[in-house]
Amino acid sequence: MVVSLVVTAFWAMLPAYVPNNAAVLAGGGRPIDGGRMLGDRRLLGDGKTWRGTAAGTLAGTLLAVALNALVPSASAATGVDLPTFPLTAAFGLALGAMLGDIGASFLKRRSGRERGAAFPGLDQLDFVVGALVFAFVAAPVWFSATFTLPVLAVVLVMTPVLHVVTNVGAYFLGLKNEPW
């Protein structure tokens, strides 16, 4: 039962876990805020770009399409009845993850934090909240069938752990400048 919940939660969130990493790999481009300021701080900063947002959303959506093709074999291998992703849900998860991260960047700038500065809690769950909200809006029936309360609970516990582990690992491998 617990293994089934963890596998389902991880599978259902994969299209939301990938976009921010893909955005970093797409690198650079025109900042979304166009350099605009709110008071004495940038709205978002140079790290939030149109190209990164588009690339991240596309990567998450395409991953969901690929996962759909893998559902029969992955379900057989895990013994878990894994969900498929309607295109609207895939897009909602991916775009929501990107917009959640953009919203967190806005909040970080308002709180005086610089780009890359830690904001515990927000850093681990910003994209999750965005992904879940947008997936619910885009595909409410799918969302309700997939993200049951136990699955949501696992997502909310599992994601911060995965976030910390992957960031610390990337830091020690020299892929990140800070371990958060």
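Just so it is clear, the model here is predicted, and its values are computed rather than measured.

### Quick notes on the UniProt feature "transmembrane region" (unreviewed entry) in the chain
- Per the UniProt record, "transmembrane region" (unreviewed entry) is annotated on residues 85–107, 127–145 and 151–174.
- Across residues 85–107 one finds 91% helix and 0% strand; the C-alpha atoms that close the span lie 31 Å apart.
- Overall, residues 151–174 shows 92% helix and 0% strand. The separation of its end C-alpha atoms is 33 Å.

### Describing the packing of aromatic side chains
- This structure, assessed with the given rule, holds seven aromatic pairs.
- Pairwise contacts between aromatic rings join F85, F136, W142, F143 and F147 into one cluster.
- Its guanidinium or amino end placed over the ring of F106, R110 lies 4.7 Å from that ring's centre, counting from NZ or CZ.

### Re the packing of helix α2 (residues 19–26) against helix α4 (residues 87–110)
- Between α2 and α4, whose axes approach to 9 Å, the crossing angle comes to 70 degrees. Viewed along their axes, α2 and α4 adopt a mutual orientation that is roughly perpendicular. Between α2 and α4, the residues in contact are P19, N20 and A23 and A94, A97, M98 and D101, respectively.
- Tallied by class, the residues present in the contact of α2 with α4 amount to five nonpolar, one polar and one charged.

### Side note on the nonpolar core
- Judged by nonpolar contacts, the single largest core of 33 residues is most densely connected at M13, F85, L93, W142 and F147.
- Broken down by element, the residue count for this core peaks at eight residues, all from helix α1 (residues 2–17).
- Here F85 is in contact with W11, A12, P15, A64, L67, N68, A90, L93 and W142, once residues within four sequence places are set aside.

Cut-offs used in this document
- Residues numbered from 1 in each chain as written.
- Predicted model: local features only at pLDDT ≥ 70, side-chain atom pairs only at ≥ 80, totals over all residues.
- Heavy atoms only, no water.
- UniProt positions renumbered as here; feature names shortened; annotations may be inferred.
- Helix = DSSP H or I, 4+ residues; strand = E, 2+ residues; numbered from the N terminus.
- Phe/Tyr/Trp six-rings, centres within 6.5 Å; stacked < 30°, edge-to-face > 60°.
- Lys NZ or Arg CZ within 6 Å of the ring centre and 35° of its normal.
- Axes fitted to C-alpha atoms, helices over the stretch in contact; angles between N-to-C directions.
- Parallel < 35°, antiparallel > 145°, perpendicular 65-115°, else oblique.
- Contact = heavy atoms within 4.5 Å.
- Nonpolar A, V, L, I, M, F, W, Y, C, P; charged D, E, K, R; others polar.
- Core = buried A, V, L, I, M, F, W, Y, C linked by side-chain atoms within 4.5 Å.
- Buried < 20%, exposed > 50% of the residue type's maximum accessible area, 1.4 Å probe, protein only.

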